[in-house]
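# Summary of structural features
So you can see what is in the structure, the chains are spelled out below.
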Amino acid sequence: MLMETRLVMRFPSRRFLFVFCGLHAAALCAQPASPSECHAIDDAARRLACYDRVTQMPAMPPAQREGPVVPSPVAQPATPVPPGARQSSPLAESWATHPESARYTLQFHEPNYILFARHTNSVNSQVYAPVFTAAGVPEQIDATEAKFQLSGKLRVWTTDDRRWGAWVAYTQQSNWQVYNSDISRPFRETNYAPEVLLSWDPDISFGGWRWGLANLGLVHQSNGRTDVISRSWDRLYAQFAVENGKNGNLALYAKAWYRFPTDAAKDDNPDITDYLGHAQFNAVYRWREHSITGMLRGNLRTGKGALQVGYFSPRLLGPLRGYVQAFSGYGESMIDYNWRQTTLGIGVALNDGL
């Protein structure tokens, strides 16, 4: 120690002292140095230590010298759900039952789609014979046509908690002979269905299911025609829906109706319930961005009814999704209520009906 002290006294140059101390004991380096002296050090680690000593900063751990340190995220406690609060679900979104939803809102109702090509295995030409005869054109209906449906509902009243609501709704389905140039590409059939309904969200959970919808409504459905090809009926219906899973990936609907009596002399389709029955069941299953739908209705007494299935792809262009629809049975449209056929169509859709 005495010899080392004499060296310091004999060589007062701080630069020499710092180099010497860097090679020997760190205790000899307690004397302050200038930034210029630190800059002259070749070894990166010793140069950094020199700068720390000049600025009187504590030495950095080796891990921090390699780059900036990103603080570890702090886990945030889950926000507790208030008792009685309603969780988000497809049914709740479709019927806007959250308290923060708009009081007056326009929503999708039934599926909105267009089938660019819909083919049937059995063309119902006979029913149009009086029309073709009056027009003086041949009875020629193409087996392939376009089909589209537009449907929406508007809430006109609701309670503050949004669980009750009054709605007006409208659905229109059209079959268009767009590829039939021989008869000027007419609309073969268009069905109109205005309705009014009262909805309620029971929000009752049981065994992994949630009862999320109960409706009571009045609906008029007709094809707007006169004379021999006029079809119409008026119904009072009740509808219930439940959804399964945490995210409501499966929804099941049950709908039953009562047809209001019509004067026999004015009834265009007195036996319509023989083919369309008194009830209908629907299902919507969602997997990732895909949807599979099903519809079943009929009359057990007559053994007549219909089955429809659909597939909706993930979005292809903006909100548009690919759509494939298959139908078999009676009543694909009002004019065909007593006509059995199997159809297959492909196109695009905006929503899957949930």
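### So, the environment of Gln177
Looking at where Gln177 falls in the secondary structure, it is placed in the loop between strand E4 (164-176) and strand E5 (187-200). Each C-alpha atom, one on Gln177 and one on Lys147, is 8.8 Å from the other, the two residues being 30 residues apart in sequence. Setting aside residues no more than four positions away along its own chain, Gln177 makes contact with Ile141, Asp142, Thr144, Glu145, Arg185, Pro186 and Arg188. Of the polar contacts made by the side chain of Gln177, one reaches the backbone nitrogen of Asp142; its length is 2.7 Å.

### Focus on the nonpolar core
Ranked by size, the top nonpolar core spans 22 residues in total, and within it Leu91, Trp95, Leu197, Trp233, Tyr253, Ile272 and Leu354 carry the most contacts. Sequence-distant contacts of Trp233, that is, excluding residues within four places in its chain, are made with Val219, His220, Gln221, Trp257, Arg259, Asn269, Ile272, Thr273, Leu276 and Met334. Listed in part, the seven residues of the second largest apolar core include Val127, Ile141, Ile229 and Ile335.

### With respect to unusual backbone geometry
Look at Ser184: it is not a glycine, yet its phi comes out positive at around 65°. As for its placement among the helices and strands, Ser184 is situated in the loop between E4 and E5. Here the phi dihedral of Asp203 falls at roughly 55°; this positive angle occurs in a residue that is not glycine. Looking at Asp203, the relative accessible area reads 25%, which means it is partly exposed.

### Brief notes about the confidence of the model for the chain
Any residue range with low pLDDT should be treated as having predicted coordinates unsuitable for detailed reading. Here the chain averages 84 in pLDDT, while 79% of its residues score no lower than 70. The low-confidence segment residues 1-30, where pLDDT is below 50, has 20 contacts with residues more than four positions distant or belonging to other chains.

### Quick word on the pairing of E4
As judged from the twelve bridges shared by strand E3 (residues 144-158) and E4, these two strands associate in the antiparallel manner. Bridge pairing in E4 places Lys147 opposite Asn175. Hairpin geometry of E3 and E4 is characterised by an intervening segment of five residues between the two adjacent antiparallel strands and by a positive phi of about 65° at Arg162. Sheet analysis places E4 next to E5, joined by 13 bridges and oriented antiparallel. Residue pairing in the sheet places Gln172 in a bridge with Tyr192 of E5.

### Comments concerning the environment of Ala146
Relative to the elements of secondary structure, Ala146 occurs in strand E3. Separated by 28 residues in the primary sequence, Ala146 and Ser174 have C-alpha atoms spaced 8.3 Å apart.

Rules of the game
Residues numbered from 1 in each chain as written. Predicted model: local features only at pLDDT ≥ 70, side-chain atom pairs only at ≥ 80, totals over all residues. Heavy atoms only, no water. Helix = DSSP H or I, 4+ residues; strand = E, 2+ residues; numbered from the N terminus. Contact = heavy atoms within 4.5 Å. Polar contact = N/O pair within 3.5 Å; in protein donor to acceptor, adjacent residues only side chain to side chain. Core = buried A, V, L, I, M, F, W, Y, C linked by side-chain atoms within 4.5 Å. Buried < 20%, exposed > 50% of the residue type's maximum accessible area, 1.4 Å probe, protein only. pLDDT = per-residue confidence, 0-100. Pairing = 2+ DSSP bridges.

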